[in-house]
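Observations on the three-dimensional arrangement
Residue strings, one per chain:
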Amino acid sequence: HCLQACVRSTLKFFEPNNEYPWERLDKITDKIKGMSTWPQRTLINLSSMGYKTILIESFDYKQFILQGKDYLINEYGQVTANWQIKNSNIKKEQKDYIELLSSDAIIKNKEPLQKDIKTFLDSGYLVKATVNSKKLNNLPGYTGHSILIIGYDNNGLYVHDPGPIAQRNRYVLTNAFEQAWASPNIKAKELIAIKPK
């Protein structure tokens with residue numbers, strides 16, 4: 001539920017008087033029990049709730065729509081692709097990307113940079129990033145994970161990390177974040193900027 005926790009923190013920040021129970025968050029993010037949550041449905045639903053959502057990634061969604069699993073294997077290698085395939089409904093994710101392309105969400109198909117994160121934060125957005133949780137915690141292997149970036153200084157980022165051990169205002173050095181963000185390669189880097197329209 002890392003993506004759901006990031007969405008909950010975001011909504012609480014912008015709507016301090018509203019409560020979003022986990023059941024509603026599961027609907028907003030289209031959570032499937034026992035599966036990883038991809039961002040497309042979240043972007044579509046937040047946009048319809050009055051939020052400006054911007055997705056920046058070098059993930060080639062057009063090729064993913066056409067090739068599915070084969071695209072993941074070719075772009076990210078067998079280990080990462082196997083984790084995603086095992087923990088995702090790939091056909092559903094392909095359909096969701098098609099729907100996302102016709103939504104109000106803004107999609108920029110390029111490598112996101114840390115300067116983008118800082119620009120968004122300075123402009124009143126909160127930023128959700130996908131990282132390799134194993135790499136972020138100095139462990140071998142790959143586990144996709146969402147964290148919410150809420151601030152920065154010259155040497156690192158302040159993040160809400162939903163787990164595996166939840167940490168508010170966790171401080172992550174710039175280089176450590178970059179390594180976890182660009183794992184297994186720079187094409188894995190993704191950010192979502194969110195603020196009210």
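The structure this text deals with has already been given above.
Numbering of residues begins from 1 in every chain and follows the order in which that chain's sequence is written. Totals for whole chains, interfaces and linings use every residue, but because this is a predicted model, local features are given only for residues with pLDDT of at least 70 and side-chain atom pairs only at 80 or more, for both listing and counting. To get the side-chain values, all heavy atoms of the structure are used, and hydrogens and water are removed first.

Turning our attention to the packing of aromatic side chains. Any pair of Phe, Tyr and Trp rings, taking the six-membered ring for Trp, is counted once the centres come within 6.5 Å. Such a pair is stacked with planes under 30 degrees apart, edge-to-face with planes over 60 apart, and tilted for the rest. Taken as a whole and assessed by the stated rule, the structure comprises 15 aromatic pairs. Each ring, one from W38 and one from F59, has its centre 6.2 Å from the other, and the planes form 80°; the classification is edge-to-face. Separated by 21 residues along the polypeptide, W38 in the loop between α2 (22-29) and α3 (40-48) and F59 in the loop between β1 (51-57) and α4 (61-67) bring together distant segments of the chain. Judged by its relative accessible area of 9%, W38 falls in the buried class. Here the aromatic cluster, defined as three or more aromatic residues joined through ring pairs, consists of W38, F59, Y61, F64, Y71, Y76 and Y97. Helix and strand definitions here come from DSSP, where helices need a minimum of 4 consecutive H or I residues and strands a minimum of 2 consecutive E residues; each element is numbered from the N-terminal end. Accessibility here uses a 1.4 Å probe with only protein chains present; expressed as a share of the type maximum, an area under 20% marks a residue as buried, one over 50% as exposed, and anything in between as partly exposed.

Before going further, it helps to spend a moment on the sheet that holds strand β7 (residues 190-196). A strand pair is defined by DSSP finding two or more bridges across the two strands. The 7 strands lie next to each other as β2-β1-β7-β3-β4-β5-β6, forming an open sheet whose pairing is mixed. Looking at which strands have only one partner, the edges of the open sheet turn out to be β2 (106-109) and β6 (167-173). Between one strand axis and the next, the sheet turns by 30° as a mean value, whatever way the strands run. The pairing of β1 with β7 spans 7 bridges and is antiparallel. Across the sheet, residue L55 finds its bridge partner in β7, namely I192. Contacting β1, β3 (126-132), β4 (144-152), β5 (156-161) and β7, helix α7 (residues 114-122) crosses the sheet at an angle of about 55° to β4. Axis definition: a line fit to C-alpha positions, over the contact stretch in the case of helices; interaxial angles, taken between N-to-C directions, run 0 to 180 degrees. Contacts were defined at the residue level, with two residues in contact if any of their heavy atoms lie within 4.5 Å.

What follows concerns the nonpolar core. One finds L11, F59, F64 and L72 to be the most contacted residues of the largest nonpolar core, which totals 26 residues. For this core, the secondary-structure elements that each account for two or more residues are α1 (2-14), α2, α3, β1, α4, α5 (69-86), α6 (90-101) and β7. Per-element tally for this core: the top contributor is α5, with 4 residues. Ignoring anything within four residues of it in the chain, the contact list for L11 reads P16, Y20, L25, I28, L46, M49 and Y51. Among the buried residues, those of types Ala, Val, Leu, Ile, Met, Phe, Trp, Tyr and Cys that are joined through side-chain atoms within 4.5 Å form a nonpolar core. Among the nonpolar cores identified, the runner-up in size contains 20 residues, and I56, V127, V131 and A180 belong to it.

Each salt bridge in this description consists of a side-chain nitrogen of Lys or Arg and a carboxyl oxygen of Asp or Glu lying within 4 Å of one another. Following the criterion strictly, the structure yields 12 salt bridges and no others. Residues K92 and D30 are paired through a salt bridge, measuring 2.8 Å at the closest nitrogen-oxygen approach. With a gap of 62 residues between them, K92 in helix α6 and D30 in the loop between α2 and α3 connect regions that are remote in the sequence. Owing to a relative accessible area of 29%, D30 belongs among the partly exposed residues under this scheme. Across the pair K189 and E178 runs a salt bridge whose closest N-O atoms are separated by 2.8 Å. One end of the pair, K189, is in the loop between α9 (174-181) and β7; the other, E178, is in helix α9, with 11 residues separating them in the sequence. Judged by its relative accessible area of 1%, K189 is buried. Owing to a relative accessible area of 24%, E178 belongs among the partly exposed residues under this scheme. Here the salt bridges do not stand alone but share partners, grouping D30, R41, K92, D96 and E99 into one network.

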